[in-house]
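# Survey of secondary and tertiary structure
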Amino acid sequence: MPLPIRVVALRRGDRSRLERLTRSRTTPHRIVERAQIVLASADGEPGSAICQQLGVSRPTVTCWLDRYDAEGLSGLLSDRPRSGRPKQITPGDEAAIVERTLHTTPPL
């Protein structure tokens, strides 16, 4: 089932910024991909065509269009924190390890 056409209304000045991001050689690929998704939608491309052109899934297209609608360009440029294993070492222990590493020599 194809994704319907979802045209995102770009905010003032965002088109030029998004196009600049897609042309830049130093922009990370994930940011370029997000910008391309939003630009394609703004140009009236159907969601399924965006998926095919960029090689991404439907949820990916939907996620980034929703994020742009909610947060604008800044939502595309930053990743949200992810869950992960909490640190097992306290900041004090970490500082002690760094101190020992810098000021002692290991036995030969």
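Residues numbered from 1 in each chain as written. Predicted model: local features only at pLDDT ≥ 70, side-chain atom pairs only at ≥ 80, totals over all residues. Heavy atoms only, no water.

### Observations concerning the overall build of the chain
Rules: By the criteria applied, helices consist of DSSP H or I runs no shorter than four residues and strands consist of E runs no shorter than two, each listed in order from the N terminus. For this measure, only C-alpha atoms enter the radius of gyration; the expected value for a globule follows 2.2 Å times N^0.38, where N is the number of residues. Burial classes follow relative accessibility: with a 1.4 Å probe on protein chains only, a residue under 20% of its type's maximum area counts as buried, one over 50% as exposed, and anything between as partly exposed. By definition, residues are in contact when any of their heavy atoms lie within 4.5 Å. Residue burial considers only the protein chains on display, and all accessible areas are found by Shrake-Rupley using a 1.4 Å probe.
Per the secondary structure count, the chain includes 6 helices and 0 strands. Along the chain direction, N to C, the helices and strands of the chain fall in the order α-α-α-α-α-α. A compact globule built from 108 residues should have a C-alpha radius of gyration of about 13 Å, whereas the chain, at 21 Å, is more than 25% larger. Across the 108 residues in the chain, those meeting the buried criterion constitute 29%. Restricting to contacts in the chain with at least 6 residues of sequence separation, those with at least 24 account for 62%. Total accessible area on the chain stands at roughly 7,900 Å², and carbon and sulfur atoms take up 55% of it.

### Here's the deal with the packing of helix α1 (residues 14–23) against helix α2 (residues 29–42)
Put simply, the rule reads: The angle between two axes is taken between their N-to-C directions and runs from 0 to 180 degrees, where each axis is a line fitted to C-alpha atoms and a helix contributes only its stretch in contact. In what follows, roughly perpendicular refers to angles from 65 to 115 degrees, roughly parallel to angles under 35, roughly antiparallel to angles over 145, and oblique to any angle outside these ranges. By definition, any crossing whose near helix is turned counterclockwise from its far helix by less than a right angle is left-handed, and any crossing with a clockwise turn is right-handed.
Contact pair α1 / α2: the axes reach a minimum separation of 9 Å and the direction vectors enclose 135 degrees. As far as their axial angle goes, α2 and α1 are oblique. In this structure, α1 meets α2 at a crossing whose hand is left-handed. Contacts from Arg15, Leu18, Glu19, Leu21 and Thr22 of α1 reach α2 at Ile31, Val32, Ala35, Gln36, Val38, Leu39 and Ala42.

### Thoughts on the packing of aromatic side chains
The line we're drawing: Any two of the Phe, Tyr and Trp rings considered here, Trp counted by its six-membered ring, make a pair once their centres fall within 6.5 Å; the pair's planes then place it as stacked at under 30 degrees, edge-to-face at over 60, or tilted in between. Think of it as a cone above the ring: NZ of Lys or CZ of Arg counts as a charge over the ring if it is within 6 Å of the ring centre and within 35 degrees of the ring normal.
Applying the stated criterion across every chain, the model contains 0 aromatic pairs. Here the basic side chain of arginine 11 rests over the ring of tyrosine 68, its NZ or CZ set 5.6 Å away from the ring centre.

### A look at helix α3 (residues 47–54)
All of the buried residues in α3 are Gly47, Ala49, Ile50 and Cys51. In the segment just after α3, glycine 55 is the residue with positive phi, at about 70 degrees.

### Let's talk about the nonpolar core
Threshold: Working definition of a nonpolar core: buried Ala, Val, Leu, Ile, Met, Phe, Trp, Tyr and Cys residues. They are joined through side-chain atoms within 4.5 Å.
Within the largest apolar cluster, 18 residues are counted, with the highest numbers of intra-cluster contacts made by Leu18, Leu21, Ile37, Val38, Val61, Leu65 and Leu76. Where this core is concerned, the elements lending two or more residues are α1, α2, α3, α4 (58–71) and α5 (73–77). Counting residues per element, this core draws most heavily on α2, at 6 residues. Each residue touching leucine 65, except ones within four places of it in the same chain, is listed here: Arg6, Val8, Ile37, Val38 and Ser41.

### Considering α1
As a reminder, the rule being used: Working definition: the arc comes from the directions between the helix axis and the C-beta atoms, pointing outward to the latter.
Those residues of α1 not exposed but buried are Asp14, Leu18 and Leu21. Take α1 and look down its axis: the buried residues cluster within an arc of 60 degrees, on one side only. Turned more than 90 degrees from where α1 packs its buried face, Arg20 and Arg23 sit exposed.

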